[in-house]
Amino acid sequence: IVAGLMNYVFEQPYAVIVPLTLPEGLAAGSKLPIKLHLQYLVCTKTLCVPEQADLATELIIGDGQPDPALAPQFAQWRRALPQPLGSRATYQAQGGAVRIAIPYPASAAGAGAYFYPITADAIDYAEPQKIWRDGDRLIVTTKGKGSSGPIEGVLNVDGHALALTASPGVVPAPATTIAGSGWSTALLAFLGAVLGGLILNVMPCVFP
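> Outline the pairing of strand S4 (residues 89-94), supporting the account with residue identities and numerical values.
Summarising the sheet, S4 and strand S10 (residues 160-168) pair through 3 bridges and their orientation is parallel. Each residue of the ladder has a partner; that of Ala89, found in S10, is Ala166. Pairing geometry for S4 and strand S5 (residues 97-103), over 5 bridges, is antiparallel. From the neighbouring strand, Gln92 faces S5, where its bridge partner is Arg99. Hairpin geometry of S4 and S5 is characterised by an intervening segment of 2 residues between the two adjacent antiparallel strands and by a positive phi of about 60° at Gly95.

> Explain the side chain of Gln92 to me, and be specific about the residues and the numbers.
With respect to the helices, strands and loops of the structure, Gln92 is situated in strand S4. Under the relative-accessibility criterion, Gln92 is labelled buried at 17%. A polar side-chain atom of Gln92 sits 2.8 Å from the main-chain amide nitrogen of Val171.

> Please provide a residue-by-residue account of the state of the cysteines, values included.
Taken as a whole and assessed by the stated rule, the structure comprises 1 disulfide. With its sulfur 2.1 Å from that of its partner, Cys43 forms a disulfide with Cys48. Disulfide Cys43-Cys48: torsion about the S-S bond near 115°, hence right-handed. Overall, the relative accessible area of 25% leaves Cys43 in the partly exposed class.

> Outline a nonpolar patch on the surface, listing residues and values.
The grouping of Ile17, Leu70, Phe74, Trp77 and Leu81 at the surface amounts to a nonpolar patch, some 410 Å² of accessible area in total. As for its position among the elements, Trp77 is in helix H1 (residues 71-79).

Procedures and definitions
- Residues numbered from 1 in each chain as written.
- Predicted model: local features only at pLDDT ≥ 70, side-chain atom pairs only at ≥ 80, totals over all residues.
- Heavy atoms only, no water.
- Pairing = 2+ DSSP bridges.
- Helix = DSSP H or I, 4+ residues; strand = E, 2+ residues; numbered from the N terminus.
- Buried < 20%, exposed > 50% of the residue type's maximum accessible area, 1.4 Å probe, protein only.
- Polar contact = N/O pair within 3.5 Å; in protein donor to acceptor, adjacent residues only side chain to side chain.
- Disulfide = S-S within 2.5 Å.
- Patch = residues over 30% accessible without salt bridge, like charges linked within 9 Å, V, L, I, M, F, W, Y side chains within 5 Å.
- Areas by Shrake-Rupley, 256 points an atom, 1.4 Å probe, with all protein chains shown as cover.
- Salt bridge = Lys/Arg side-chain N within 4 Å of Asp/Glu carboxyl O.

Right, here's the structure in full:
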C-alpha cells in the first residue's frame, strides 16, 4: 500500500499472451511486422513510476503447426494463466462490507487465499481480507459496496490462480477463519505463550 492506495505488483518473470488475427491468404514464409506500444508501472515497496516503451518484432508465417522448439515454453506460460473456477460463486454486500462465497473443496488447505478483484470499485482494495471456511466454500470478507451486477476476479489459493465470477446472492456470516484474521491469530499466540510460561513456572522441572 503506497499513500493509502493498493498496488498489485507482479514480482516474477511473466509473458503477456495476446491473440493475433491474421488476414487470410498469407503465404508461408511471408514476413509480418508487429509493433507494440506499452504503458506500465515500475514499482518498489514504496513507489510506483510510470514507464512506456515501443517494441517491434517480425513474425514468419508458418504452416499452422506449433514450433517444437517453442511449444513447451508456450505451454508453461498457458499453465500459469488463471484457470476457470468452473463453479458458481456468490456475493452479498451489506453494511459497507462484502462477503464473497467461493466453492472450494473442504479437503484442500486453502493456504494463502487472497481475492484479486477485476470489477472496478466493488471492494475497497486497501482493506485487509478475512478468509473463512464454510464447508466446501471459502468466504472472503472485506470492506466495499459490492456491484450492481456480477463481480469478476481471481482467487489465489494453494499456489493456484482461479478465475471466477460471483453473482449477487445470500452469503451467510462466517464461522471459522483460516486466514486474514491477524488480531485473532496474534491473540491466540499471545495466550498460548502466557499459558506456556505459567506451566513452566509451576512445574518443578522441565521434561525433555
